[in-house]
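Listed here are the chains, written in short residue letters.
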Amino acid sequence: MYLILLGSPGTGKGTQANILADRFSWLHVSTGDMLREAVTAGTELGKAAKSYMDQGALVPDNVVIGMLVERINRPDAEAGFVLDGFPRNLAQAIALDEALRQQGKSIDVVLNIVVPEEDLLKRLTGRWLCPNCGEIYHSQSRPPKQAGVCDKCGTQLIQRDDDKPETVKARLEKQRTPDNLLAHFRDQKKLKDVDGQQAVDKVTADLLGAIEGSK
Ligand code: AMP
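Everything numeric in this text was worked out from a predicted model, so none of it was measured. The numbering scheme is per chain: residues are counted from 1 as the chain's sequence reads. Per-residue local features of the predicted model are confined to residues with pLDDT of at least 70, and side-chain atom pairs are confined, for both listing and counting, to 80 or more; whole-chain, interface and lining totals are unaffected and use all residues. As a rule here, side-chain values come from all non-hydrogen atoms in the structure, and water together with hydrogens is ignored.

1. Topic: the overall build of the chain
Then, in step 1: Within the chain, the secondary structure is distributed over nine helices and seven strands.
Then, in step 2: For the radius of gyration, the atom set is restricted to C-alpha positions; the globular benchmark scales as 2.2 Å times the number of residues to the power 0.38. Compactness check: the chain gives a C-alpha radius of gyration of 19 Å against a globular reference of 17 Å for 215 residues, within 12% of the reference.
Then, in step 3: The principal-axis extent of the C-alpha atoms belonging to the chain is close to 60 × 40 × 30 Å.
Then, in step 4: Sorting the 215 residues of the chain into buried and exposed places 42% on the buried side.
Then, in step 5: Should any heavy atoms of two residues lie within 4.5 Å, those residues are counted as being in contact. Partitioning the contacts of the chain with sequence separation of at least 6, the portion at a separation of at least 24 is 68%. Helix and strand assignments follow DSSP, with helices taken as H or I runs no shorter than four residues and strands as E runs no shorter than two, numbered in order from the N terminus. For every residue, the accessible area obtained with a 1.4 Å probe (protein chains only) is divided by the maximum for its type, and the residue is called buried under 20%, exposed over 50%, and partly exposed between those limits.

Laid out in structure tokens, this is it:
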């Protein structure tokens, strides 16, 4: 099967894509991972992508589409794949449809992991770290015994710039799934929403149910 997973940063999309790909021996294709690897390797593609990624902006379609199409045309994608982070806009979705169509294939189902934005903000801004010993806390899932103070060494905890509410809000804004992309998949009758405000296992179970229901 050929799947797309949609969901904002912080919805657990990458984790779920991994779980599904492992379970069915599908290829997990994360365009974010591919771009980060290209940046680290210093390739031409990485150089073209870096400044956009640093700003939390989307990398131009002409860079990303070619990279993605080349990847899913390789033999190890034949049996099935889960796309994680692609498509991000309508132009990418149309290019993907066309590339698959040329091979007599099509996307089977688009799973959208939905978490309300207030909840995402809480998840993504909850991380605090100790500048002295490096211990990491989360105000929801791993709070320190005394608010703002490291359990291990008593140092005042700090928040990384990336995790501050203003930065996170701006990132969520830039990375929100566009309405016309959702409408595109809804029109194709492929879009299935899954509640992302549940334990990881329960989200996986719902995704599996949605996959089963689409066969
Ligand atoms: P991610 O790991 O999916 O959050 O992606 C990290 C960054 O890579 C994003 O903030 C974008 O700059 C870039 N990126 C990943 N996938 C795409 C895509 N499909 N289109 C454009 N930019 C992308």
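2. Details of the layout of surface pockets
Then, in step 1: Here a cavity denotes grid points, spaced 1 Å and computed from the protein atoms alone, that fit a 1.4 Å probe unable to get out, and a pocket denotes an open set having protein on both sides within 12 Å along at least 5 of 7 lines; residues with an atom within 4 Å of a point are the lining. Grid points are joined across faces, edges and corners, and a volume is the space filled by probe spheres set on the points. Considering only enclosed or pocket space, the largest pocket measures out at about 1,300 Å³ in volume.
Then, in step 2: In terms of lining, the largest pocket is formed by 48 residues, of which the most central are Pro9, Arg36, Arg88, Arg171 and Gln175.
Then, in step 3: Sorting the residues of the lining of the largest pocket by element identifies β1 (2–6), α1 (13–24), α2 (31–41), α3 (44–54), α6 (117–124) and α7 (165–175) as the ones contributing at least two each.
Then, in step 4: Nonpolar residues are Ala, Val, Leu, Ile, Met, Phe, Trp, Tyr, Cys and Pro. Charged residues are Asp, Glu, Lys and Arg, and all others, Gly as well, are polar. Partitioned by chemical class, the residues of the lining of the largest pocket number 16 nonpolar, 18 polar and 14 charged.
Then, in step 5: When its volume is computed, the second largest pocket comes out at roughly 210 Å³.
Then, in step 6: Only β4 (109–114) and α6 provide two or more residues apiece to the lining of the second largest pocket.
Then, in step 7: In terms of residues, the lining of the second largest pocket owes the most to one element, β4, which gives three residues.

3. Here we look at the side chain of asparagine 89
Then, in step 1: By the element assignment, asparagine 89 lies in the loop between β3 (81–84) and α5 (90–101).
Then, in step 2: On the basis of relative accessibility, which here comes to 18%, the residue asparagine 89 falls in the buried class.
Then, in step 3: At 3.3 Å, the side chain of asparagine 89 and the backbone nitrogen of alanine 91 are in polar contact.
Then, in step 4: One polar contact links the side chain of asparagine 89 to the main-chain amide nitrogen of glutamine 92, over a distance of 2.8 Å.
Then, in step 5: When residues no more than four places from it in sequence are discounted, the contact partners of asparagine 89 are Leu58, Asp61, Pro178 and Leu181. Distance and chemistry together define a polar contact, namely a pair of N or O atoms within 3.5 Å, with one atom able to donate a hydrogen and the other to accept it when in protein, and with adjacent residues in sequence counting only for side-chain atoms on both sides.

4. Here's the deal with the packing of α5 against helix α8 (residues 179–187)
Then, in step 1: Relative to each other, α5 and α8 sit at 30°, their axes nearing to 9 Å. Between α5 and α8, the residues in contact are Leu90, Ala93, Ile94 and Asp97 and Asn180, Leu181, His184 and Phe185, respectively.
Then, in step 2: Considering only residue class, the contact of α5 with α8 consists of five nonpolar, two polar and one charged. Lines fitted to C-alpha atoms define the axes here, with helix axes fitted over just the stretch in contact, and angles between the N-to-C directions of these axes take values from 0 to 180 degrees.

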